[in-house]
Amino acid sequence: MKLQGKVAIVTGAGRDTRGIGRRIAHALAGEGADIVISDFVPENASAAAAEITEATGRRAVAVQGDVASEADVERLFATAQAEFGHVDILVNNAGITRDGLLLRMTEEAWDAVLNCNLKGAFLCTRAAAKVMLKQRSGRIVNIASVMGRVGNAGQANYSASKAGLIGLTKSTAKELGSRGVTANAVAPGFIQTAMTDALSEDLREQMKKQVPLGRLGTADDVARVVLFFCTDDAAYVTGQVLSIDGGLFM
Ligand SMILES: NC(=O)c1ccc[n+]([C@@H]2O[C@H](COP(=O)([O-])OP(=O)(O)OC[C@H]3O[C@@H](n4cnc5c(N)ncnc54)[C@H](O)[C@@H]3O)[C@@H](O)[C@H]2O)c1
């Protein structure tokens, strides 16, 4: 039990049972952490919280909200503090795509993706920093993407948001490091979730061929690495970006 007595907020953890956020919440609870599930969709957040408590016996609280809304993020952290009295781990996982080629990309599609993926992480990180600096300890893990490192045709908004998240991770690591707070990022490659289910079978096969390990990843592949960053095993690791992509980017 490497996270006994810890409290973790995981954003975008409501989706379905294969969602990356939900699997991360499970992995953290499996090591003894109590969990605050934040998601845009209230019934998914509640279902995830109930499932985690049933599977692990840990307390799990669901809070509906939009990570891109300052008021919602304040309510999320206020609820976590009221329920548990401290916040030790923040996983910025909520993320969306609105793909389209650059020339046809609308301002709305740009704003929606940057607001959720990058501004959302900023608002949650700022709220977490207020708590963690006082505690003089904390772990922040950002879910970036291989696309933030290599770029992708049709994903200018998404790639920019994930590259931005890497910059946010490193700046956070530098600002908060002296107070015992670490900030790291993971960069998943092609992971089997609802996000990639939306792609054609053809495209998924093409993706597989590019991966040295020869398969798409699972949400649990990502969750295990995030768990590592949240434990004392990674106490002297900060500002890092670790790929979880079967060797796609090296
Ligand atoms: N699936 C992949 O191949 C892959 C690869 C690299 C990175 N990622 C990243 O991993 C994270 C999770 O991806 P996933 O595939 O599980 O996605 P998903 O679409 O299955 O889940 C995303 C969750 O975020 C929630 N959400 C969306 N907008 C929100 C908002 N504004 N506020 C709060 N919650 C919001 C959704 O309701 C959903 O539960 C994302 O940041 C994604 O960019 C995914």
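Quantities reported herein were computed from a predicted structural model and do not represent experimental measurements. (Residues numbered from 1 in each chain as written. Predicted model: local features only at pLDDT ≥ 70, side-chain atom pairs only at ≥ 80, totals over all residues. Heavy atoms only, no water.)

Caption draft 1: Examining helix α6 (residues 156–176) more closely. Taking 1.5 Å per residue, 21 residues should reach 30 Å; α6 reaches 30 Å between its end C-alpha atoms and fits that length. Among all positions of α6, only N157, Y158, S159, S161, K162, L165, I166, L168, T169, T172, A173 and L176 are buried. Where α6 is buried, its residues touch α4 (107–135), β5 (138–143), α5 (147–150), β6 (181–188), α7 (194–197) and β7 (241–244). (Helix = DSSP H or I, 4+ residues; strand = E, 2+ residues; numbered from the N terminus. Expected span 1.5 Å × (residues − 1). Buried < 20%, exposed > 50% of the residue type's maximum accessible area, 1.4 Å probe, protein only. Contact = heavy atoms within 4.5 Å.)

Caption draft 2: Here's a closer look at the pattern of salt bridges. Per the counting criterion, the structure on display carries 13 salt bridges. Its salt-bridge partner being E51, residue R22 comes within 2.4 Å of it at the nearest N-O pair. Of the two residues, R22 is situated in helix α1 (residues 20–30) and E51 in helix α2 (residues 42–56); the sequence distance between them amounts to 29 residues. Between D232 and R139 there is a salt bridge, with its nearest N and O atoms 3.5 Å apart. One end of the pair, D232, is in the loop between α9 (219–230) and β7; the other, R139, is in strand β5, with 93 residues separating them in the sequence. Take R139: its relative accessible area is 10%, and that puts it in the buried class. The network of salt bridges with shared partners includes R215, D221 and R224. (Salt bridge = Lys/Arg side-chain N within 4 Å of Asp/Glu carboxyl O.)

Caption draft 3: Seen up close, the site of the ligand. Around the ligand lies a shell of 27 residues, among which D39, D66, N93, Y158 and T193 are the nearest. For the ligand, an oxygen atom lies 3.1 Å from a polar atom in the backbone of R15. Between the ligand and the protein, one listed contact pairs an oxygen atom with a backbone N or O atom of N93 at 2.7 Å. Protein burial of the ligand: of its 830 Å² of free accessible surface, 93% is covered by the chains. A class-by-class count of the residues in the shell around the ligand yields 14 nonpolar, nine polar and four charged. (Near = heavy atom within 4 Å. Polar contact = N/O pair within 3.5 Å; in protein donor to acceptor, adjacent residues only side chain to side chain. Areas by Shrake-Rupley, 256 points an atom, 1.4 Å probe, with all protein chains shown as cover. Nonpolar A, V, L, I, M, F, W, Y, C, P; charged D, E, K, R; others polar.)

Caption draft 4: Structural view of the side chain of H26. Turning to its location among the elements, H26 is positioned in helix α1. Contact partners of H26, with chain neighbours within four places excluded, come to E51, I52, A55 and T56.

Caption draft 5: Focus on the packing of helix α3 (residues 70–84) against α4. Between α3 and α4, whose axes approach to 9 Å, the crossing angle comes to 35°. When the axes of α3 and α4 are compared, the crossing they make is right-handed. Packed against α3, whose contacting residues are E70, V73, F77 and Q81, the element α4 presents L123, C124, R126, A127, A128 and V131 at the interface. Across the contact of α3 with α4, the residue classes break down as seven nonpolar, one polar and two charged. (Axes fitted to C-alpha atoms, helices over the stretch in contact; angles between N-to-C directions. Left-handed = near helix turned anticlockwise from the far one by under 90°.)

Caption draft 6: Spatial organisation of the nonpolar core. The biggest cluster of nonpolar side chains holds 33 residues, and the ones touching the most others in it are I24, L28, I35, I37, V91, V186 and V226. For this core, the secondary structure elements donating two or more residues are β1 (7–11), α1, β2 (34–39), α2, β4 (89–92), β5 and α9. Tallying contributions element by element places α9 first for this core, with eight residues. Every residue in contact with I35, bar those within four places of it in the chain, is listed here: A8, A25, L28, A29, I52, R59, A60, V61 and F84. (Core = buried A, V, L, I, M, F, W, Y, C linked by side-chain atoms within 4.5 Å.)

Caption draft 7: Inspection of the environment of A45 at higher detail. Looking at where A45 falls in the secondary structure, it is placed in helix α2. The residues touching A45, leaving out its near neighbours within four places in the chain, are G14, I37, D39 and A62.

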